[in-house]
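Chain by chain, the residues run as shown.
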Amino acid sequence: YQSIFREAELSDAILFFDECETLFMKRDSGGSTHLTELLTQMERFEGICLLATNRPFDLDEAMFRRISEVFEFKPPNHVERQEIWRVVTTHEAIPCDDDINWDAISLKYELTGGFIKNAVISALQLAVGRDPTSPSIRESDIIEGCKKQMRGALQMADFEERVVPKSGLEEIIVSDIVKEKLKAIVDIEKARGVLFGRWGFDNTMRSCQGTTALFWGPRGSGKQNAAEAIGFELGKPLKVTDLPQLLGKTGKANATVVRECFKEARLMDAILVLGGISFNPGEGQRGASSTEDTRLLNLVIREMMRFPGIVVLKVDVVDSLDIFVSRLEKGLLDGLKYLVSFQPPNRSCRKQLWEKLLPDTLPKKSIDYSELARRSDELNVTQIGNAVYRAAALAALKPESSRYVTMQDLSSAIEEER
């Protein structure tokens, strides 16, 4: 590495390390064995040395003593994204239809400049495939290109307990009231970039203006799917943590463990989803938690209120939140900005679930989706998915002449899931 610094000095050049975490990673995390030599050469170098990374938390702590200036490049807000779309698509080599709603696309898809460029290239390929001689990019091409880039961007974030969202709000099947509340969560997060950027809200407000949500309802009612849909809409991965496991089964966990969980989610710019809390109807006011568990649960709620991003707390409970609320200190529930009640799917939602979960490519015969919705009145989202898989697996083993899913297969699977 000495030759690199020497060549830069002789050429009077600026030295630039792109993706510098590969060389300057923490030594205890498998960083370069040449780190000491690199740091020595940096100290001796009298020119300008620039380092770029999207994983600053991976850098060895010795690096920060040698860095004189730090510049954070934040993702563009939807207004800035609209300007990027305009710049990228105004070139004559990128023919676009005049009726593309760039404002709506900029608001919906949380992409940075590089991913926007890739989305345009992907859209152009679709347009050329449709008409090689005089291609013109349609809005549907842009949307498809954005979806591909969103999936790629989400896959890039790698950390423990990561969940990569696969689809957005338009794909989930919940009641209209629930969907409106989920859209409100997404909208307020999308506005943050403008509020704390162009409109100059003080950063001291950021720490008290995070988005905290409580998703409560019976198991299998779609709470996890809703959290993933929010992540997809905002272009963020999920850090999913089992809260009882985090707190420790014996109630011996300490505040440091809780705060480290929130710190990692913040550093990874992830949506933190805390689950694993369940209250059975027969518990009454006593429950099964120790005094120490209750204290730590209140600590978690307070940390949620301080978190600058999105935190979703999932609680499996039937009928009401009374038991859960009784465990909280007075006033803490008011710190949760969105309380979203999830209920088992109604008949209309069950019909949509059957239509969605039975693929078009699945061989099937005489399927009555309205009748399936009626027969599955006591099944939740998870159980309906299990019934579909069970019936399809049974059909796959039939003789070739009758290798398709029938109403009888699905009805039997429904009864087995009850």
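Look above for the structure.
As the structure is a computational prediction, the values presented were derived from the model and not from experiment. (Residues numbered from 1 in each chain as written. Predicted model: local features only at pLDDT ≥ 70, side-chain atom pairs only at ≥ 80, totals over all residues. Heavy atoms only, no water.)

Moving on: the overall build of the chain. A tally of regular secondary structure across the chain gives 18 helices and 8 strands. Split into buried and exposed, the 418 residues of the chain put 42% on the buried side. A separation threshold of at least 6 residues defines the contact pool for the chain, and within that pool the share at least 24 residues apart is 77%. (Helix = DSSP H or I, 4+ residues; strand = E, 2+ residues; numbered from the N terminus. Buried < 20%, exposed > 50% of the residue type's maximum accessible area, 1.4 Å probe, protein only. Contact = heavy atoms within 4.5 Å.)

Between helix H9 (residues 176-195) and helix H10 (residues 223-234), whose axes approach to 10 Å, the crossing angle comes to 30°. It follows from the interaxial angle that H9 and H10 lie roughly parallel. Considering how the two elements wind past one another, H9 and H10 form a crossing that is right-handed. When H9 is examined against H10, the residues Leu182, Ile185, Val186, Glu189 and Lys190 are found in contact with a partner set consisting of Ala226, Ile230, Glu233 and Leu234. For the contact of H9 with H10, a count of residues per class yields 6 nonpolar, no polar and 3 charged. (Axes fitted to C-alpha atoms, helices over the stretch in contact; angles between N-to-C directions. Parallel < 35°, antiparallel > 145°, perpendicular 65-115°, else oblique. Left-handed = near helix turned anticlockwise from the far one by under 90°. Nonpolar A, V, L, I, M, F, W, Y, C, P; charged D, E, K, R; others polar.)

Our next topic: the pairing of strand S4 (residues 211-217). With 7 of 7 residues buried, S4 is to be regarded as a mostly interior element. Burial along S4 is two-sided: the face carrying Thr211, Ala213, Phe215 and Gly217 and the face carrying Thr212, Leu214 and Trp216 are both buried. As judged from the 7 bridges shared by S4 and strand S7 (residues 310-317), these two strands associate in the parallel manner. Among the inter-strand pairings, Leu214 is bridged to a residue of S7, identified as Leu313. Sheet analysis places S4 next to strand S8 (residues 338-341), joined by 4 bridges and oriented parallel. What sits directly across from Phe215, in S8, is Val340. (Pairing = 2+ DSSP bridges.)

According to the stated counting rule, one finds 6 aromatic pairs in the structure shown. Between Phe5 and Phe17, the ring centres sit 6.1 Å apart and the planes meet at 40°, which makes this aromatic pair tilted. Pair noted here: Phe5 is in helix H1 (residues 2-10) and Phe17 is in strand S1 (residues 15-17), with a separation of 12 residues, a long-range link. Classification of Phe5 as buried rests on a relative accessible area of 2%. Note on Phe17: relative accessible area 9%, which makes it buried. (Phe/Tyr/Trp six-rings, centres within 6.5 Å; stacked < 30°, edge-to-face > 60°.)

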